Amino acid sequence: MTDNARLAGMRLLVSAGPTFEDIDPVRFLGNRSSGKMGFALAAEAAAMGAQVTLIAGPVALPTPAGVRRIDVRRALEMRTAVLAELPGQDVFVAAAAVADYMPEHTAAQKIKKTGDTLTLVLVKTPDILAEVAGHPERPRCVVGFAAETGDLERYALGKLREKRLDMIAANDVSQPGVGFECDDNALSVFTADARQEIPFGPKSQVARALLVLVADRLDLKL
Ligand code: C5P
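Because the structure is predicted, anything quoted here is derived from the model rather than measured.

Enquirer: What is the right way to read the overall build of the protein from this model?
Expert: Helix and strand counts for the protein come out as 5 helices and 12 strands. Compactness check: the protein gives a C-alpha radius of gyration of 18 Å against a globular reference of 17 Å for 222 residues, within 12% of the reference. Each principal axis of the C-alpha atoms in the protein carries an extent, and together these give about 65 × 35 × 30 Å. Counting over 222 residues, the protein shows a buried share of 48%. When contacts within the protein are restricted to residue pairs at least 6 apart in sequence, long-range pairs at least 24 apart make up 62% of them. For the protein, the exposed area adds up to about 11100 Å²; of that, 52% sits on carbon and sulfur atoms. The average position of the 26 basic charges and that of the 28 acidic charges among the side chains of the protein differ by 3 Å.

Enquirer: So what exactly am I meant to see when it comes to the packing of aromatic side chains here?
Expert: Here the distance between the centres and the angle between the planes together describe a pair of aromatic rings. The tally for this structure, following the rule as stated, stands at 1 aromatic pair. Above the plane of the ring of F28 lies R73, whose end atom (NZ or CZ) is 5.4 Å from the centre. When the ring centre of Y155 is taken as origin, the NZ or CZ atom of R154, which lies over that ring, is 5.0 Å away.

Enquirer: I keep staring at the nonpolar core and nothing clicks. Help me out?
Expert: Nonpolar side chains tend toward joint burial in soluble globular proteins. With 39 residues, the main nonpolar core has L7, L12, L41, V52, F145 and L210 as its most contacted residues. Contributing elements (two or more residues each) for this core: β1 (11-16), α1 (36-47), β4 (51-56), β6 (91-94), β9 (141-148), β10 (167-172), β11 (184-190) and α5 (203-220). No other element matches α5, which puts 9 residues into this core. Not counting residues within four places of it along the chain, the set of residues in contact with F145 comprises M37, L41, V93, A94, A95, I168, A169, L187 and L210. A81, A133, V142 and A156 belong to the second-largest nonpolar core, a separate cluster that totals 25 residues.

Enquirer: For this particular structure, what's the right way to read the side chain of Q89?
Expert: By the element assignment, Q89 lies in the loop between α2 (75-85) and β6. In this structure, Q89 is in contact with R11, L12, L13, T53, P139 and R140, ignoring residues within four places of it in sequence.

Enquirer: What am I meant to see in the pattern of salt bridges here?
Expert: A side chain of one charge can pair with a side chain of the opposite charge when the charged atoms of the two come close. Taken as a whole and judged by the stated rule, the model has 17 salt bridges. When the shortest N-O distance is used, the salt bridge between E85 and R68 registers 3.0 Å. Of the two residues, E85 sits in helix α2 while R68 sits in strand β5 (residues 67-71), which places them 17 residues apart along the sequence. For E85, a relative accessible area of 15% corresponds to the buried category. Given a relative accessible area of 43%, R68 falls into the partly exposed group. Members of the salt-bridge network, linked through shared partners, are R6, D216 and D219.

Enquirer: Can you walk me through the site of the ligand in this structure?
Expert: For the ligand, the set of nearby residues contains 14 residues, the closest of which are A94, A96, P126, F145 and K159. Between the ligand and I128 there is a distance of 3.0 Å, counted from a nitrogen atom to a backbone nitrogen or oxygen. Note that an oxygen atom of the ligand is positioned 2.4 Å from one of the side-chain N or O atoms of K159. If the ligand stood free it would expose 450 Å²; the protein chains cover 85% of that surface. Elements that contribute at least two residues to the shell around the ligand include exactly α3 (128-133) and β9. Among the residues making up the shell around the ligand, the classes are represented as 8 nonpolar, 2 polar and 4 charged.

How each quantity is defined
Residues numbered from 1 in each chain as written. Predicted model: local features only at pLDDT ≥ 70, side-chain atom pairs only at ≥ 80, totals over all residues. Heavy atoms only, no water. Helix = DSSP H or I, 4+ residues; strand = E, 2+ residues; numbered from the N terminus. Rg over C-alpha atoms; globule rule 2.2 N^0.38 Å. Buried < 20%, exposed > 50% of the residue type's maximum accessible area, 1.4 Å probe, protein only. Contact = heavy atoms within 4.5 Å. Areas by Shrake-Rupley, 256 points an atom, 1.4 Å probe, with all protein chains shown as cover. Lys, Arg positive; Asp, Glu negative; His and termini not counted. Charge placed at Lys NZ, Arg CZ, Asp CG, Glu CD. Phe/Tyr/Trp six-rings, centres within 6.5 Å; stacked < 30°, edge-to-face > 60°. Lys NZ or Arg CZ within 6 Å of the ring centre and 35° of its normal. Core = buried A, V, L, I, M, F, W, Y, C linked by side-chain atoms within 4.5 Å. Salt bridge = Lys/Arg side-chain N within 4 Å of Asp/Glu carboxyl O. Near = heavy atom within 4 Å. Polar contact = N/O pair within 3.5 Å; in protein donor to acceptor, adjacent residues only side chain to side chain. Nonpolar A, V, L, I, M, F, W, Y, C, P; charged D, E, K, R; others polar.

Here it is, written out as structure tokens:
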């Protein structure tokens, strides 16, 4: 079978991009995720025959051909959209850089510049990936991403276990030209018993290689 049909008949849910957590009507907390990796995964999965739903944070990227896209802004909206789309999915790939914390309150009016300091209280966002992995409608294959700045294997395997994932794709974002805001990437992919390297290349190529590993894993779980 060529790669082009490897995901035929599969339903794939992908989260992509950053989340923006609003402080007031004009300010937010965001991050440097461009969404390119998640969009490349959605595009390549569709090209490999999957039925793809893409939950996209705020990014200015075109919708890949054949992909159903749902736009969200904040982590709580992403969670709602992911959980609503979960039933019947075979795979969930969490490529989104979800905020870990959000403001406790979003001010209804623009916050005025009064004091010399301003204290923002942040509260944890729900871990969407961990929730999906522990959900009664858990897809057969749940894949996380880990952007790290060192000690890749230790952190990646920790997340694989703690979040109860099938696979985690880790990259060292301290390396120039890799990961955030780039067109290229390189990944170390961990399962409970194996480590595989996807070499540096365009995100489309890296996405395709990761999806071949996902397809291999689905074959094992049929
Ligand atoms: O724990 P950490 O944030 O590094 O984990 C990264 C992985 O978890 C990514 O796959 C990301 O999409 C997912 N995640 C999530 N919800 C959060 C935080 C992270 O789904 N609130």
